Amino acid sequence: MRKSRIIFSCAALLLAACLFLSSCKSDTSDAGTSTTTQQYENKVVDHLLGNPQQLNPYNYADAASAMIMRSIYQGLVATDFQGYEQKPLLATALPVIRESGGKVLLDLEIRPEAKWDNGTPITGEDVAFSLKMFNLPKLDNARLKPYFEYIEDIKIDADNPRKFTLVCKEPYMLMASVLEDLSILPAYVYDEEGLLKDYNLKQITSGGAALDNDAKLTKAAENFNSPKFQNQVIVGSGPYAFDKWKPNQSVTLKKKENWWGKSLENEHHWFEAGPDEIVFEIINDMTTAIVALKGEKIDAINRVEPRAFVEELRKSESFNSKFNTYTPTQFLYSYIGMNMRDEKFEDVRVRRAIRHLMDTKNYQDKVFYGMAVHVPSFIHPSKTKFLNPNVKTSEFNPDKAAKLLAEAGWKDTNGDGTLDKEIDGERVEFEADFVYPNVAKTSEKAVLMFQEAARQAGLKINAVPLEFTVMLEKTKSHNFDMYFGIWVAPPIESDPKQIWHTDSYDGGSNYVGFGNAESDKLIDDLRKELDETKRAEIYKKLQAIIDREAPYVFMSATQNRVAVHNKFGKIDDTGINPGYFVPGFTVLNAVKN
């Protein structure tokens, strides 16, 4: 959750500051608990708006996959969905950080109860294997790699194999918290041939370009990247086992019998496993999904289209007799990304003009019924210490847009209503494709509102809805003019390298091509700075550069629109996606097996 994920999230922001500072309270319409004697199966049918990309914990890049995998895999630590603080998960305690011999060290120990599905204990060797696999140069995980560059080696206690120390090459601002993004994997499943057993972690982290030609490491990476470990063989230490995947229909998980964490269920919610079965029902049209919800074909849904949430659900007595609704604040923000390396957008004056053509306030009022706030940057509004007060939200001002476009040389020289400009000796009209996920109706409304404002300004904008995975490939390969995106951010501090560093242009999430030596240095300095006050000043400088260069139109931080069947009673909603914790659901009147 640490990284920003696209919704993809990644990504890695929300309601008015007063809401965030009051512990993310939800406006809840509460039908309470079902009082009927009807019995229900002990399972949850949760809604997904799109097909997950893959269930590989290192290579995925979408929120749907993340929602499913959190019940399958486990990291050393995890963020609590209510207090937004980290808790030990596979580890017995949060890491102890110390310095020795000029190195920063993190001491951890695996819980004695922790076991793999085959009954063998989880130890430091499994952590070492996971780090070796994660760091293979040809693994398809460039999006996550920057977060673990600081770890160079691991030392396992000779007397207690559950104890180990992570050796860090340099200080890193998130060195403890980022550990939740490293799912610990069993070597007996993910490296059946033992290709990595003769390598230690330091050989891989310090091997450099020479590793590119290592046949064993290449084969290990190819195996891990293969479809087998994307949607067929899915094994972790969590409470649920992968059962089946029907593409574009559903993904089913089954609760494990005799799961090792059951005895710890009172420690925190990550050890809860109430439903015997979790079905993620994939319905890529929200209108159809709402019909299924009303018919009790699905039990939980999030990010309901705002009009339907307010007018169809919350105002319906019949619906409210069966479902509770919630509006927790979300840790995300929406934005319009522009391809800075495209000839139409390489002039900063054009990008600034685009900012003046999106009426975000009108969009929030009309589309989100006011359940949104305009954000000025990538910093979560609750992190007031890190916000640059001089960076303001974008202003809808077509006159300013027209002036900036004219200054950049875009004028209607032939009288056809579309601005044009001579580029490399050829007259080019300003025409751009604006891509967005075809299942996202609220995103579509933003695109169409912008399209009309742009038309009046003399820009021809083509609204292009795409299936999500197709859009993801286009953005990753920089094959776009503009796109509408959403980044999911963690409730705790996040690392901007994945989205804003030039190193993240190829393989990372810097789809727009932002960055220069100045911004890169700020990000590099930030990542090494352990003093929060000093980091705050760096964040503010980075925000100023991003504002100056205008790679994004920063838009909305919204409240979630959640509905959950009252057969589970009143649930604890959360700002963390999807707004609730499915394994913690308990069917109050379940059929006895």
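Since the structure is predicted, the reported quantities are computational estimates derived from the model, not experimental observations.

Caption draft 1: Spatial organisation of the overall build of the chain. For the chain, the count of helices and strands is 18 helices and 23 strands. Rg of the C-alpha trace for the chain: 24 Å, near the compact-globule value of 25 Å for 593 residues, within the 12% margin. With the C-alpha coordinates aligned to their principal axes, the bounding extent of the chain is approximately 80 × 65 × 45 Å. Within the chain, the proportion of its 593 residues that are buried is 59%. As displayed, the chain has an accessible area near 23,200 Å², and 47% of this comes from carbon and sulfur atoms. Looking at charge distribution, the chain has the averaged site of its 72 positive side-chain charges lying 2 Å from that of its 84 negative ones.

Caption draft 2: Broad picture of the pairing of strand 5 (residues 96–100). Where strand 5 lies against strand 6 (residues 103–109), five bridges are found, and the strand directions are antiparallel. Within strand 6, the position partnered with Val-96 by the bridge is Asp-107. The antiparallel hairpin formed by strand 5 and strand 6 contains two residues in its connecting segment, where Gly-101 sits at a positive phi of about 60 degrees.

Caption draft 3: Fine view of the confidence of the model for the chain. Residues with a pLDDT of 70 or more make up 94% of the chain, whose mean pLDDT is 92. Contacts from residues 1–25, a stretch scored under 50 in pLDDT, to residues over four places away or in other chains number 138 contacts.

Caption draft 4: Broad picture of the nonpolar core. Formed by 130 residues in total, the largest nonpolar core has its most connected members in Leu-179, Trp-500 and Tyr-552. Other than its neighbours up to four places away in sequence, Tyr-552 contacts Tyr-333, Tyr-335, Ile-336, Gly-337, Met-338, Arg-355, Tyr-483, Trp-487, Ile-499, Trp-500 and Val-512.

Caption draft 5: Up close: the pattern of salt bridges. Under the criterion given, the structure shown has 44 salt bridges. Glu-431 is paired through a salt bridge with Lys-460; the nearest N and O atoms lie 3.7 Å apart. Of this pair, Glu-431 sits in strand 18 (residues 431–437) while Lys-460 sits in strand 19 (residues 460–466), and the two are 29 residues apart along the sequence. Here the salt bridges do not stand alone but share partners, grouping Glu-149, Asp-495, Lys-497, Asp-503 and Arg-527 into one network.

Caption draft 6: The arrangement of the packing of aromatic side chains in detail. Scanning all chains against the criterion turns up 35 aromatic pairs. A ring pair is formed by Phe-134 and Phe-148, whose centres lie 4.8 Å apart and whose planes are at 65 degrees; its orientation type is edge-to-face. Of this pair, Phe-134 sits in helix 3 (residues 124–134) while Phe-148 sits in the loop between helix 3 and strand 7 (151–156), and the two are 14 residues apart along the sequence. An identical accessibility class is assigned to Phe-134 and Phe-148; each is buried. Taken together, a centroid distance of 5.1 Å and an interplanar angle of 70 degrees make the contact between Trp-270 and Phe-581 edge-to-face. With a gap of 311 residues between them, Trp-270 in the loop between strand 10 (250–255) and strand 11 (277–282) and Phe-581 in the segment after strand 23 (562–565) connect regions that are remote in the sequence. One exposure class covers both Trp-270 and Phe-581, and it is buried. What links up through ring pairs into an aromatic cluster is the set Tyr-333, Tyr-335, Phe-378, Phe-480, Tyr-483, Trp-487, Trp-500, Tyr-511, Phe-514, Tyr-552 and Phe-554.

Caption draft 7: Representation of the environment of Phe-585. With respect to the secondary-structure elements, Phe-585 resides in the segment after strand 23. With 15 residues separating them along the chain, Phe-585 and Lys-570 place their C-alpha atoms 9.5 Å apart. Apart from residues lying up to four places away in sequence, Phe-585 is in contact with Val-44, Gly-274, Pro-275, Ala-300, Val-564, Phe-568, Ile-571 and Tyr-580.

Caption draft 8: Structural view of the environment of Leu-357. Relative to the helices and strands, Leu-357 is located in the loop between helix 11 (348–355) and helix 12 (360–367). On the basis of relative accessibility, which here comes to 0%, the residue Leu-357 falls in the buried class. With 98 residues separating them along the chain, Leu-357 and Arg-455 place their C-alpha atoms 9.8 Å apart.

Caption draft 9: The arrangement of the sheet that holds strand 5 in detail. Strands sit in the order 5-6-8-7 across an open sheet of four strands; the sheet is antiparallel. With one partner strand each, in any of the chains shown, strand 5 and strand 7 form the two edges of the open sheet. Across the sheet, the mean angle from the axis of one strand to that of its neighbour is 30 degrees, orientation sign disregarded. In terms of strand pairing, strand 6 meets strand 8 (residues 163–168) through six bridges, oriented antiparallel. Bridging from a neighbouring strand, Leu-108 pairs with Phe-164 of strand 8. Sitting on the sheet, helix 3 is in contact with strand 7 and strand 8, with an inclination near 160 degrees to strand 7.

Rules used throughout
Residues numbered from 1 in each chain as written. Predicted model: local features only at pLDDT ≥ 70, side-chain atom pairs only at ≥ 80, totals over all residues. Heavy atoms only, no water. Helix = DSSP H or I, 4+ residues; strand = E, 2+ residues; numbered from the N terminus. Rg over C-alpha atoms; globule rule 2.2 N^0.38 Å. Buried < 20%, exposed > 50% of the residue type's maximum accessible area, 1.4 Å probe, protein only. Areas by Shrake-Rupley, 256 points an atom, 1.4 Å probe, with all protein chains shown as cover. Lys, Arg positive; Asp, Glu negative; His and termini not counted. Charge placed at Lys NZ, Arg CZ, Asp CG, Glu CD. Pairing = 2+ DSSP bridges. pLDDT = per-residue confidence, 0-100. Contact = heavy atoms within 4.5 Å. Core = buried A, V, L, I, M, F, W, Y, C linked by side-chain atoms within 4.5 Å. Salt bridge = Lys/Arg side-chain N within 4 Å of Asp/Glu carboxyl O. Phe/Tyr/Trp six-rings, centres within 6.5 Å; stacked < 30°, edge-to-face > 60°. Axes fitted to C-alpha atoms, helices over the stretch in contact; angles between N-to-C directions.

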